[in-house]
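# Chain and residue survey
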Amino acid sequence: MKYEIRYKPAFASVFVTLNPGDSLTAEAGAMTSMDAQLSIKTEFSGGFISGLLKKFFGGESLFVNVFTNNSQQPLQLVLTQSTIGDIVCIDLRGGREICFQPGAYIAHTPGVNMGVQWAGFKSWVSGEGLFKLKLNGQGQVFFGAYGGITQKRISGEFVVDSGHLVAYDPGIKMNIGLAGGLLGSVTSGEGLVNRLTGQGEIYLQSRSVGGLVRYLSPKLR
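Residues numbered from 1 in each chain as written. Predicted model: local features only at pLDDT ≥ 70, side-chain atom pairs only at ≥ 80, totals over all residues. Heavy atoms only, no water.

Per an unreviewed UniProt entry, the chain goes by the name TIGR00266 family protein and belongs to Funiculus sociatus GB2-A5.

Right, dumping it as structure tokens:
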């Protein structure tokens, strides 16, 4: 399998070339176009129970689509995301794991295991859901964000505004709290923030969907 991410960073799409026998699992609705010879099989996302948890508590789709090239020639598949922004591919080889916030996951190659993990009530309070999507195994994973994506390695404590965290290593802990004192948090407009602790990599999006909704709501009344 070969891939190229085009139209970065604002309107990124993944152009995938599947060789004979190759397959790719993608979020329901992620396909933009594909060669007609590709076959599609729809499955529960990570299994029936896992799919239900992701759908009703984690903000993910209940189903995923598996695209397979059963022909004797290379075929092309194009994937994208619903939000306007960048897309990144990471490699999980070497035992690496990654957790995604709702809506970030796009696709993964064979050998990657997809499941859910309890995120806690702190995650729910911040609007990120009770469960988080967790992927591990051996392979590649595609995910996207609203706006640009920043990769950062943290060691100790790091503060992220609520709604900007996209993906992170499982060992990193979240602690939702006020940006400052009660009065300061209200008057500064920052409100709740994510105080991350631990060591590992995080991925941040430059824009917040929640912030866009708050900006547009008064104008639509």
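### Points about the nonpolar core
Applied cut-off: Grouping buried Ala, Val, Leu, Ile, Met, Phe, Trp, Tyr and Cys residues that are joined through side-chain atoms within 4.5 Å yields what is termed a nonpolar core. For every residue, the accessible area (1.4 Å probe, protein chains only) is compared with the maximum for its type, and the residue is labelled buried under 20%, exposed over 50%, or partly exposed between those bounds. Note on conventions: DSSP H or I runs of at least 4 residues are helices, E runs of at least 2 residues are strands, and numbering of each starts at the N terminus. Here, two residues are considered to be in contact whenever any of their heavy atoms come within 4.5 Å of each other.
Ile90, Ile98, Phe100, Leu135, Val141 and Phe143 are the most contacted members of the largest nonpolar core, which totals 19 residues. Broken down by secondary-structure element, the contributors of at least two residues to this core are strand S8 (87-91), strand S9 (98-100), strand S11 (112-118), strand S12 (131-137), strand S13 (140-144) and strand S15 (165-168). With sequence-adjacent residues up to four places away left out, Ile98 is seen in contact with Ile90, Leu92, Leu133, Lys134, Leu135, Ala167, Tyr168, Asp169, Pro170 and Tyr203. Counting 18 residues, the second-largest nonpolar core is a separate cluster that includes Val14, Leu38, Leu75 and Phe142.

### Some remarks on the sheet that holds S13
The condition is simple: Two strands qualify as a pair provided that DSSP identifies no fewer than 2 bridges between them. In this analysis an axis means a line fitted to C-alpha atoms, helices contributing only their contacting stretch, and an angle means the value between N-to-C directions, from 0 to 180 degrees.
One open sheet holds the six strands; their spatial order is S5-S6-S3-S10-S13-S8, and the pairing between them is antiparallel. Pairing within the sheet leaves two strands with one partner each, and these edge strands are strand S5 (39-44) and S8. Put simply, the sheet's adjacent strands are angled 20° from each other on average, direction ignored. Relative to strand S6 (residues 63-68), S5 is paired through six bridges, and the arrangement is antiparallel. Residue pairing across strands places Ile40 opposite Phe67, the latter belonging to S6.

### Things to note about the pattern of salt bridges
We count it as follows: By definition, a salt bridge exists where a carboxyl oxygen of Asp or Glu is found within 4 Å of a side-chain nitrogen of Lys or Arg.
Scanning the model with the defined rule gives eight salt bridges in all. The salt bridge partner of Asp86 is Lys8, with a shortest N-O separation of 2.7 Å. Here Lys8 lies in the loop between strand S1 (2-6) and strand S2 (13-18) and Asp86 lies in the loop between strand S7 (75-79) and S8, a separation of 78 residues in the sequence. With its nearest N and O atoms 3.9 Å apart, the salt bridge here joins Glu201 to Arg153. Highlighted residues: Glu201 in strand S17 (residues 192-205) and Arg153 in strand S14 (residues 149-161), separated in sequence by 48 residues. Look at Arg153 and you get exposed, because its relative accessible area is 57%. Among the charged side chains, a network of salt bridges with common partners joins Arg96, Arg153, Asp169 and Glu201.

### Let's talk about the pairing of S6
For S6, the tally of buried residues reaches five of six residues, placing the bulk of the element in the interior. Bridge count between strand S3 (residues 23-27) and S6: five bridges; the pairing is antiparallel. Pairing of Leu24 across the sheet is with Phe67, part of S6.

### Remarks on a nonpolar patch on the surface
Filter applied, for reference: Any residue with relative accessible area above 30% and no salt bridge may belong to a patch, with like charges joined within 9 Å and the nonpolar Val, Leu, Ile, Met, Phe, Trp and Tyr side chains within 5 Å. Each accessible area is a Shrake-Rupley estimate made with a 1.4 Å probe; only the visible protein chains count as cover when residues are assessed.
Taken together, the side chains of Leu212, Tyr215, Leu216 and Leu220 define a hydrophobic patch exposed on the protein surface, amounting to about 410 Å² of accessible area. Within the fold, Leu216 resides in helix H4 (residues 209-216). On the accessibility criterion, Leu216 (34% relative accessible area) is partly exposed.

### Considering the sheet that holds S2
Spatially, S1-S2-S7-S4 is the arrangement adopted by the four strands of the open sheet, whose pairing is antiparallel. Edge positions in the sheet fall to S1 and strand S4 (31-34), since each of these pairs with one other strand and no more. Averaged over all pairs of adjacent strands, the angle between strand axes in this sheet comes to 20°, irrespective of strand direction.

### Description of the pairing of S2
Regular strands have side chains that alternate between both faces of the sheet. The buried fraction of S2 amounts to five of the six residues, a majority that puts the element mostly inside the structure. When S1 meets S2, the two strands line up antiparallel, connected through five bridges. Within S2, the residue paired with Ile5 across the bridge is Val14. A loop of six residues connects S1 with S2, the two strands running antiparallel in sequence, and Tyr7 in this loop sits at a positive phi of about 65°.

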